[in-house]
Structures are given as structure tokens and as C-alpha cells.
There are 2 protein chains.
Amino acid sequence: MSASISDYFLIPSARGGDCRPSFARNIPTRWRYQKLRFPIAAMAPKEVLCVDSKVKNLLDSIKWDEKGLVVAIAQNVDTGAVLMQGFANREALEATFSSHKATFYSRSRSSLWTKGGTSSNYINVLDIFLDCDRDSVIYLGKPDGPTCHTGSETCYYTSVFDILEDSQKNKERLALTTLYSLETIISERKQEFETEQNRKPSWTRKLMHDNELLCSKIREEAEELARTLLDDEDGSRSASEMGDLLYHAMVLLKLKDVRMEDVLEVLRKRFSQSGIEEKNCR
Amino acid sequence: MSASISDYFLIPSARGGDCRPSFARNIPTRWRYQKLRFPIAAMAPKEVLCVDSKVKNLLDSIKWDEKGLVVAIAQNVDTGAVLMQGFANREALEATFSSHKATFYSRSRSSLWTKGGTSSNYINVLDIFLDCDRDSVIYLGKPDGPTCHTGSETCYYTSVFDILEDSQKNKERLALTTLYSLETIISERKQEFETEQNRKPSWTRKLMHDNELLCSKIREEAEELARTLLDDEDGSRSASEMGDLLYHAMVLLKLKDVRMEDVLEVLRKRFSQSGIEEKNCR
């Protein structure tokens, strides 16, 4: 019998090995686990029924529209990218609870569908959030690959402003938040660095040409950030120095072909396993 | 006179005033501006009509549902947080184009409404994205304050798993992506640091007790990140060291009461003004 989410959430922290069901191993917020009280295996049948009734009560509390649907937004837990938006009925939400694969209700085909069922690019759902009205949900999860059927990372790759500027071009550009826009700018500089050696280099390309310069800048920016604390400088100085440090560190990451998403995945796994603190306390 | 975004990207020779069409002001990603060819003030009336017809064509291309609506998701451009979800009809989308305030169609009141119209907590829209089916849009913007009518930062503060664990508690917890979950953990450590001095401190609280230790760790992690480039170590080492650097730097930011959102806002403004590159090339 495969474990359901309700199994995990009722299992206390066991020190020897990870006895959580697979879906629960990467959930980012550790404080939730710390609150767990008792293993479902040790529960009386009455208590198991109690869990089922909680799920039923929860589903009853959702404000399904006249077609029995809510909006379901799938979001990448590490980058924050909105991957896609569909609709969920009661069965789709129940299926997402139990399978941890983002599952929707197709209005055109009048049937359930699990994202990745055909492509294997599942969205592994780590948490589900309801909005204040309880008529909209976020599936917060980690995609196995590109979400869009076009092969794009997300379904949102068409900027209205790009179209208005030049409707013929229709160039794809993902809806990126600040950190990932910056990452894209750095990627573009790397391409220029690799293909147009003779052009007057931008600062980013200069850094990419000179590992010693880049590393000395990273050390320098780390020192400047530290000084804002030691010299009790204004918080706005800390924000500014952190921006400098982040930017220079991201240039290094690009040279190593490492994405910020990879870094955030490392942090998520560490923190859900009490990682950094554990490592540093040893 | 300080340079405006248009000075840099659009009209290098015309320094006075922003003569772009209103929909193009405040757009964060500079590569788009680099493609713009002419200021609208210099356009012949025929060309202005051409812009209007592009807007009309764009709106015609959207797949409005049987009620004339699409799903509209408002997302924080700096943090990636999904702020709220509503619906937009043709007029709501047009209003968002022209006012740059996220505007929706209220199905219950059968009228347009601009988020912030009552509370002044507008969502300042910097870009709008369509999905592959053209039946869903993202308003990518910067909120002036909390988005939810409850005063919560976003409308998504109810975790289904929290409810299943203990439906009585109903503790609010925002749908946070990895970076902001980490920030929340660090915030909790700061609260513990301030209120429970006698408890055995976690690593984070130890760092908060000792500025010299924290700053030496930041320098050390910056050096270790640099070494992964200089010593040609594996990319996974770079990701790991960057995770360490980010975490320690975020502990410092918390001590200075600076949020990652503040840092990202600094970076967004810099990059839209060619900031870091400009600064460093001087």
C-alpha cells in the first residue's frame, strides 16, 4: 500500500533513517514536521477515520464554482516561477493530495489529467495553499522538466509589451522575476563573451575574462557587506552591498554553469533536513 | 537631473521627459527597451493609430471564456510571490495596460475593480504575460503594501497540510518559495535570539550573538566559492558554497532588518538603469 500524505503528517521524527514516504522527503518547511505527533501506523481505526474526515471537511470548505471547479496555479517552489494554471475539481485536488503530482480537471475533455502523465514532466507537489476566499489554490512544487506542452519551461512566455512593440517577431520571453531576469542578463553576457571577443566588453564580460578579477571582487563585496554590520552602517548600505555580492557571485555561477535554481534546491534540501545548522553544529 | 529608464534604453538623445506610450513605462527588463526604435511623440498620427490597432489585435487574440473572462494572476516581480488571483475581462486588461495598476473584473459585483482602489495598496504592473493558450495572464508587478483584504501580504496563507494536521489551529503561513522560507527560518531564530537567551543556541542564533564570527564566516564562504572557480572544482561544489554564502549573508541582513525583497529591488532598479555595469565601468 502506498503511503498517503496523511501518513507522513502524523509520523514523528524518527532519528534512524528517513521513514517518511517519498513524497514527504523534500518538503521545504521543516517546522511543520516538528509539530507532528503520532505515527499513523500506531493509530486506532477510529483515528484514521478522523484523518479521512479532516480531508472531507477541508474539501467541503472549498468554494467550488458552479461547475465544481477552483483555479489551480502550479508554482516552482525554488524559483517562484508560475509554471501553468489550470482548474481543479474535488477529484483533482484529492488526486493531488494522494499522488503529489499536480492534477487538474480538463474542461475541454471533461476529465482529470495529471501534468506529466504523457511527457513524464510531472510537477511534484510539496505543499498546497488555499487563498483567503478558498476558491483558488497554489500547487507549490518541483517540476521534473519543462511544464509547457511547447517545451518551454513555463506556459507564460509571451509578453504583451513585446507583442505591442513588434507583433511580427513574437519572440519568446519567460515571465521572470528579478533574480532570474538578472541571471538571464548574465547568460546573455556569457554568450557575447563566447562569440564576440572583439567587442568592447561590458563589466560582466570583463569579469568573465578574468577569474582573478572576479574572485577578488567577490571577496571585496563580501568584505563590504560585513563592514556594514561591523561599522553599524545604514540598512540601505547592506542591501546595496548584498546586491553587489549576489551579482558577482552569480557571474561566477554562470561560468560554472550553475543556476540559482540549483543553489536554492541545495538550500531547500539542507533546511528540510536541518542541514546547515546540523553541519555547522557538528 | 537623474537619468530615467527611457534615457538609457530608448531615447539616448532626448533627455527631457518620458515620451514612451504609458504602457511601456516602468518595464523592468532592459533588453526590450533596446529593441525600441522611436519615441511615440515623434510618431505620425498614422503610427499612433497603428499602436492602437496592435492593442486591439492583441485583445482580439485572447481566448476569453464564455463570460468574456481570463484568469489573472498577480505576482510580485521581486520575490515571485503569487499575490492574488482574480479574473479580467477586456476592459480590465485595457485598464491595466493604461493605468499600470492591476485591474480585475469582479464576478460578484459585475464591475471592474482596481486592487488598491480602496486601500491604496495598488499592484504596480511592470509587465503582463499571456500563457500558451492565451486564456490566462500574469500581472508581474510591485505591490505598494499587503495585497490581501485581511492585511496579509498575499491571499495564499492557508496550507492544506497545516489544516489536515490540526484544523483547530488554523495558523497562517504564507505560500513561500525556498529563499523566503529560509528567510522566515532565520527570522524565527532572531526572535528566539531576542527572547530566549538561555536556550542552547542554534548555529543561526550563535551567529547572531557574535558579529565577528558571522563576518568571518561570510568572508570564508566567499573565499570557498571563489576557490571553486580558481581550482576548477565541480559545479555542485559551487552550488553548495553559494548556498552557504547566501545563508550567512541572509543572517547578516536579518540583523540589519533588511529583507531579500529589498536587495532584489535594488538589483532590479540598477539593472533597469544599467546600474552595476555603469557603476563598475566608470
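Residues numbered from 1 in each chain as written. Chains lettered and ligands numbered in written order. Predicted model: local features only at pLDDT ≥ 70, side-chain atom pairs only at ≥ 80, totals over all residues. Heavy atoms only, no water.

- By the naming in an unreviewed UniProt entry, chain A goes by Phosphoribosyl-AMP cyclohydrolase domain-containing protein and is assigned to Dendrobium nobile.

1. Regarding the overall build of chain A
- From N to C terminus, chain A includes 11 helices and 7 strands.
- Per-residue burial for chain A yields a buried fraction of 55% across its 282 residues.
- Partitioning the contacts of chain A with sequence separation of at least 6, the portion at a separation of at least 24 is 51%.
- Carbon and sulfur atoms make up 49% of the accessible area of chain A, which amounts to about 12000 Å² in all. (Helix = DSSP H or I, 4+ residues; strand = E, 2+ residues; numbered from the N terminus. Buried < 20%, exposed > 50% of the residue type's maximum accessible area, 1.4 Å probe, protein only. Contact = heavy atoms within 4.5 Å. Areas by Shrake-Rupley, 256 points an atom, 1.4 Å probe, with all protein chains shown as cover.)

2. Concerning the interface of chain A and chain B
- In this complex, chain A contributes 122 residues to the contact, which on the side of chain B involves 121 residues.
- Both faces considered, chain A and chain B share a buried interface measuring about 10600 Å² in area, 67% of it formed by carbon and sulfur atoms.
- Run the count over chain A and chain B and you get 10 salt bridges.
- A salt bridge links Lys67 of chain B to Glu66 of chain A; the shortest N-O distance between them is 2.7 Å.
- Where chain A packs against chain B, one counts 34 residue pairs in polar contact (both at pLDDT 80 or more).
- Top element by residues in the side of chain A that touches chain B is helix α9 (residues 235-255) of chain A. It accounts for 15 residues.
- Residue composition of the side of chain A that touches chain B, by class: 62 nonpolar, 26 polar and 34 charged.
- Pairing of strand β5 (residues 123-131) of chain A with strand β7 (residues 156-159) of chain B involves 3 bridges; the strand directions are antiparallel. What sits directly across from Leu130 of chain A, in β7 of chain B, is Thr158 of chain B. (Buried area = accessible area lost by both parts, 1.4 Å probe. Salt bridge = Lys/Arg side-chain N within 4 Å of Asp/Glu carboxyl O. Polar contact = N/O pair within 3.5 Å; in protein donor to acceptor, adjacent residues only side chain to side chain. Nonpolar A, V, L, I, M, F, W, Y, C, P; charged D, E, K, R; others polar. Pairing = 2+ DSSP bridges.)

3. Considerations on the packing of aromatic side chains
- Tallied over the entire structure, the rule returns 6 aromatic pairs over all chains.
- Their ring planes at 50 degrees and their centres at 5.7 Å tell us that Phe271 of chain A and Tyr247 of chain B sit as a pair that is tilted. In this pair, Phe271 of chain A sits in helix α10 (residues 260-272) while Tyr247 of chain B sits in helix α9 (residues 235-255), so the two residues belong to two different chains.
- For Phe271 of chain A, a relative accessible area of 3% puts it in the buried group.
- The exposure class assigned to Tyr247 of chain B is buried, which follows from its relative accessible area of 0%.
- Site record: aromatic cluster; members linked through ring pairs are Phe104, Trp113 and Tyr139 of chain A.
- Sitting above the plane of the Tyr122 of chain A ring, Lys101 of chain A keeps its charged end 4.9 Å from the centroid. (Phe/Tyr/Trp six-rings, centres within 6.5 Å; stacked < 30°, edge-to-face > 60°. Lys NZ or Arg CZ within 6 Å of the ring centre and 35° of its normal.)

4. Description of unusual backbone geometry
- Notably, Asp232 of chain A is not glycine yet its phi reads approximately 55 degrees, a positive angle.
- Relative to the elements of secondary structure, Asp232 of chain A occurs in the loop between α8 (211-230) and α9.
- In this structure, Arg134 of chain B is a non-glycine residue whose phi angle is positive, near 60 degrees.
- Tracing the backbone through its elements, the reader meets Arg134 of chain B in the loop between β5 (123-131) and β6 (136-143).

5. Observations concerning the sheet that holds strand β2 (residues 82-88) of chain A
- The strand order β2(A)-β1(A)-β6(A)-β5(A)-β7(B) describes an open sheet built from 5 strands, whose pairing is mixed. The open sheet has two free edges, formed respectively by β2 of chain A together with β7 of chain B, since each of these has just one partner strand. Neighbour-to-neighbour, the strand axes of the sheet open up by a mean angle of 35 degrees, direction not taken into account.
- Pairing between strand β1 (residues 70-76) of chain A and β2 of chain A: 6 bridges, direction antiparallel. Among the inter-strand pairings, Val70 of chain A is bridged to a residue of β2 of chain A, identified as Ala88 of chain A.
- Helix-sheet contacts for helix α4 (residues 90-99) of chain A involve β2, β5 and β6 (136-143) of chain A, and the interaxial angle to β6 of chain A is about 35 degrees. (Axes fitted to C-alpha atoms, helices over the stretch in contact; angles between N-to-C directions.)

6. Concerning the nonpolar core
- Judged by nonpolar contacts, the single largest core of 80 residues is most densely connected at Tyr139 of chain A together with Tyr139 of chain B.
- Grouped together as the second largest cluster of nonpolar side chains are 64 residues, Leu179 of chain A together with Leu229, Tyr247 and Phe271 of chain B included. (Core = buried A, V, L, I, M, F, W, Y, C linked by side-chain atoms within 4.5 Å.)

7. Here's the deal with the packing of helix α8 (residues 211-230) of chain B against α9 of chain B
Residues and elements named next belong to chain B.
- Where α8 meets α9, the axes come as close as 9 Å, and the angle between the chain directions of the two elements is 155 degrees. Regarding the angle of α8 to α9, the classification is roughly antiparallel. In terms of crossing hand, the pair formed by α8 and α9 is left-handed. Two secondary-structure elements touch here, α8 through Asn211, Leu214, Cys215, Lys217, Ile218, Glu221, Ala222, Glu224, Leu225 and Thr228 and α9 through Arg237, Ser238, Glu241, Met242, Asp244, Leu245, His248, Ala249, Val251, Leu252 and Leu255.
- Looking at side-chain class alone, the contact of α8 with α9 contains 11 nonpolar, 4 polar and 6 charged residues. (Parallel < 35°, antiparallel > 145°, perpendicular 65-115°, else oblique. Left-handed = near helix turned anticlockwise from the far one by under 90°.)

8. Considerations on the pairing of strand β4 (residues 111-114) of chain A
- The pairing of strand β3 (residues 103-106) of chain A with β4 of chain A spans 4 bridges and is antiparallel. Across the sheet, Tyr105 of chain A pairs through a bridge with Leu112 of chain A, a residue of β4 of chain A.

9. Remarks on the relation of the copies chain A and chain B
- Mapping chain A onto chain B calls for a rotation angle of 180 degrees and an axial translation of 0.0 Å; the resulting RMSD is 0.1 Å. Such a turn and shift between the copies fits a two-fold axis. Considering only C-alpha atoms, the part of chain A nearest the rotation axis is Gly80 of chain A, at 2.4 Å.
- Interface overlap between copies is the fraction of interface residues in one copy that are interface residues in the other; for chain A against chain B it reaches 98%, indicating a shared surface. (Least-squares fit on C-alpha atoms with pLDDT ≥ 70 in both.)

10. Some points on the sheet that holds β5 of chain B
- As summarised here, the arrangement of the 5 strands in space is β7(A)-β5(B)-β6(B)-β1(B)-β2(B), forming an open sheet in which the pairing is mixed. Of all strands in the sheet, those with a lone pairing partner are β7 (156-159) of chain A together with β2 (82-88) of chain B, marking the two edges. Within this sheet the neighbouring strands show an average axis-to-axis angle of 35 degrees, counted without direction.
- Bridge count for strand β1 (residues 70-76) of chain B against β6 of chain B is 6 bridges, and the pairing is parallel.

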